[in-house]
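Here are the chains, one letter per residue:
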Amino acid sequence: MKLLRRKERPSLDSRLAALLEAAELGEGRLPAEAVAAARAVADRAGARRRLSVEHTVAALAGATGSGKSSLFNAMTGTDLAAVGVTRPTTSTAQAALWDGAGAGPLLDWLDVPHRHSASAVDDLSGLVLLDLPDHDSIRLSHRLEVDRLVELVDLLVWVLDPQKYADAAIHERYLRPLAGHRDVMVVVLNQIDRLPPGAADRCLKDLRRLLDADGLTGVPVLGVSARTGAGLAELRTLLSTRVADRASWSARLAADVTTAASHLTTASSALPRTSGHTSGGPRGRTEGSAGEGTLALDTGPADGAVPPDAPHHQAETGSWAGIEARGGGGPLRSAPDGQAALPAVSGDITGLEGRLVAALSRAAGVPVVVEAVAKGHRHRAVVATGWPVTRWVRRFRPDPLRRLRIGVAAPASSPDRELVGRTSVPEASAVQRAQVETAIRDVGESAAAGLPGAWAASVRQAARSRSAELADAVDKAVGRTSLGATRRPRWWRAVNVLQWLVFAALLAGALWLGGLFALGYLRLPEPPLPTAGEVPWPTVLLLGGALAGVLIALLSRVAAWLGGRRRARKASKALREAIGRVGQEYVLQPVEEERDRYTRFADAVTRAG
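Calculation rules
Residues numbered from 1 in each chain as written. Predicted model: local features only at pLDDT ≥ 70, side-chain atom pairs only at ≥ 80, totals over all residues. Heavy atoms only, no water. Helix = DSSP H or I, 4+ residues; strand = E, 2+ residues; numbered from the N terminus. Expected span 1.5 Å × (residues − 1). Buried < 20%, exposed > 50% of the residue type's maximum accessible area, 1.4 Å probe, protein only. Contact = heavy atoms within 4.5 Å. Core = buried A, V, L, I, M, F, W, Y, C linked by side-chain atoms within 4.5 Å. Axes fitted to C-alpha atoms, helices over the stretch in contact; angles between N-to-C directions. Parallel < 35°, antiparallel > 145°, perpendicular 65-115°, else oblique. Left-handed = near helix turned anticlockwise from the far one by under 90°. Nonpolar A, V, L, I, M, F, W, Y, C, P; charged D, E, K, R; others polar. Polar contact = N/O pair within 3.5 Å; in protein donor to acceptor, adjacent residues only side chain to side chain. Phe/Tyr/Trp six-rings, centres within 6.5 Å; stacked < 30°, edge-to-face > 60°. Patch = residues over 30% accessible without salt bridge, like charges linked within 9 Å, V, L, I, M, F, W, Y side chains within 5 Å. Areas by Shrake-Rupley, 256 points an atom, 1.4 Å probe, with all protein chains shown as cover. Salt bridge = Lys/Arg side-chain N within 4 Å of Asp/Glu carboxyl O. Lys, Arg positive; Asp, Glu negative; His and termini not counted. Charge placed at Lys NZ, Arg CZ, Asp CG, Glu CD. Pairing = 2+ DSSP bridges.

### Overview of helix 17 (residues 490-521)
So, step 1. For helix 17, spanning 32 residues, the distance from its first C-alpha to its last is 47 Å, which sits close to the expected 46 Å at 1.5 Å a residue.
So, step 2. Residues of helix 17 that are buried: Trp 492, Val 495, Gln 499, Val 502, Leu 506, Gly 509 and Leu 516.
So, step 3. If you follow the buried residues of helix 17, they end up packed against helix 11 (366-385), helix 12 (391-394) and helix 18 (537-608).
So, step 4. Positioned one or two residues after helix 17, Arg 523 has a phi angle of 60°, which is positive.

### Side note on the nonpolar core
So, step 1. Leu 19, Leu 264, Leu 470, Val 474 and Phe 601 are the most contacted members of the largest nonpolar core, which has 66 residues in total.
So, step 2. Tallying contributions element by element places helix 18 first for this core, with 16 residues.

### Looking at the packing of helix 11 against helix 18
So, step 1. Contact geometry for helix 11 and helix 18: axes closest at 8 Å, N-to-C directions at 150°. When the axes of helix 11 and helix 18 are compared, the pair comes out roughly antiparallel. Considering how the two elements wind past one another, helix 11 and helix 18 form a crossing that is right-handed.
So, step 2. Grouping the constituent residues of the contact of helix 11 with helix 18 by class yields 14 nonpolar, six polar and three charged.

### Structural notes on the side chain of Asp 154
So, step 1. Mapped onto the secondary structure, Asp 154 falls in the loop between helix 5 (140-150) and strand 5 (155-160).
So, step 2. At 2.7 Å, the side chain of Asp 154 forms a polar contact with the side chain of Arg 48.
So, step 3. Non-local contacts of Asp 154, meaning those with residues more than four positions away in its chain, are made with Arg 48, His 55, Thr 56, Val 57, Val 184, Ser 248, Trp 249 and Arg 252.

### A word on the packing of aromatic side chains
So, step 1. The final tally for this structure, using the stated rule, is six aromatic pairs.
So, step 2. Linked through ring pairs, Trp 455, Tyr 598 and Phe 601 together constitute an aromatic cluster.

### So, a positive patch on the surface
So, step 1. A grouping of Arg 565, Arg 566, Arg 569 and Lys 570 is seen on the molecular surface, where their side chains present a positively charged patch.
So, step 2. Tracing the backbone through its elements, the reader meets Arg 566 in helix 18.
So, step 3. By relative accessible area, Arg 566 is classed as partly exposed at 48%.

### Some thoughts on a nonpolar patch on the surface
So, step 1. Taken together, the side chains of Phe 517, Tyr 521, Leu 522 and Leu 524 present a nonpolar region at the surface, about 510 Å² in accessible area.
So, step 2. Phe 517 sits in the exposed class, given a relative accessible area of 62%.

### Some words on the pattern of salt bridges
So, step 1. In this structure the tally under the stated criterion is 23 salt bridges.
So, step 2. Here Asp 214 ties to Arg 176 by a salt bridge, and the two come within 3.1 Å at their closest N and O atoms. Highlighted residues: Asp 214 in the loop between helix 7 (199-213) and strand 7 (221-223) and Arg 176 in the loop between helix 6 (168-175) and strand 6 (185-189), separated in sequence by 38 residues.
So, step 3. Residue classification places Arg 176 among the partly exposed positions, given a relative accessible area of 43%.
So, step 4. The salt bridge involving Arg 252 is made with Asp 256; its shortest N-O contact spans 3.0 Å. Separated by four residues within a single helix, Arg 252 and Asp 256 lie in helix 9 (residues 248-269), roughly one turn from each other.
So, step 5. Overall, the relative accessible area of 2% leaves Asp 256 in the buried class.

### Quick look at the sheet that holds strand 2 (residues 94-97)
So, step 1. Strand order in the open sheet made by the seven strands is 3-2-4-1-5-6-7, with mixed pairing throughout. On the outer flanks of this sheet lie strand 3 (114-117) and strand 7, each paired with one strand and no other. Each strand of the sheet is rotated relative to its neighbour by a mean of 25°, with strand direction disregarded.

Written as structure tokens, this is what we have:
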């Protein structure tokens, strides 16, 4: 029988590395605040790990009048914290240390200047207990100090009182958003000595119900009295256990990483700001070159524009406030239970490649070029193989390919030489440009299908990212690929030689007959005249040369017509393949790279979470 083993959770190091990888991959795609906050978590984790891991920093946090300072004094056995009727009493955080040797750099990092040694208690050795200002203080500096330290300490001890333990301020701003940090939280109901008999249990049960509703199931809840000492032993035992484990700091960092990964996931579903995509091409109308080109694409409005009233995210402190689509305020928002995983890439764009190539081909004037290839081949064939008596007339007609400025820059000895400059293929019509825009948009929409909002917008933008270069690239591909259409077949040279031999025979016959005519005119005796049967050889040479030249020219025209069709088919195939490569490089490849980036991002977020 095989034993089922629980899969070990990745180490904190690997999760931090995955979080940084996800942040780097999300750069320019996700809201900058979410990426900066994730990096802040990684930086904070690195700093905390370099400091003393033999000390556990626990913070007493609560509202005005909850008795934090009284509990702090009771725990330390001193009167370190001032207790009074006037509120707020605690203005800055102060620390009590049990065996605080080596904790100085840690407190410097926490920026806690007031430090005191607590009464020696062996079971609390290594504890650093902070008394924080009131989270609901009327002074903004106090609230900011609480928010800052809540993000940094290893263990959070929330001190509530019977009068305000159900206050929405602490539940909505701190407790509920920190549901993912339940492993590093303790909730204390102070001042239970003020409750009548039996009421304390009812308050604790009601507080337990509220915490469970906040997602804090399993968080310890203790009833204590700083004045009478009730429950302090249980609290001291709980803190002693946490301190002895020396694991609160790593549990806190692990919870922060989970939160960061969760909010990268949440940020992926939000629409990015218009300036968020650093790799995208220019927005608006894009031209292949200044005022000319066979293509001109209108990329339209930016995808995923964020309304001007979108919440500002506190990236400077690594805060998560407002990153969620409907998130409220607060210094930290933890990952909710059952965070949905990012969807896998599902859109298929292979079927759209043909439509894209067809649209680009029409807009690039491929049909015009293919027709010019066939006509140009026949034109050059007549010039090269026609009857020498009449072929010169053909030279007055323009070469169809040269009219399109195809082949003019490449000498016959270097037919593969790349053209410099643009061709003269007619510009695409408005309908053809619209077809190209639609094809590119369809590629982006299909590739983005099923992806979260920010990444879907990024993929759609990637499809248009090189639109400004597309016109020139297609035109160069047309010109470069069409150079092969200007190659002269070898049979043209042979037929040309044959035509000149036949013409020489015709000319010899004409001169021979002319000489005989001159002798007859001068009444001179005629030399013996050889014959081919009954026909004199001069006549055979004259008439045979003429008939043979015309026949060879006609046969060459038929061959040129067939060769033109064949060359046009080859040119059409080659042009579509070349334009397909351009579409792959300028449209499909950026899309695939962006989808691959999203896949790696989703994998990194999963490993980090």
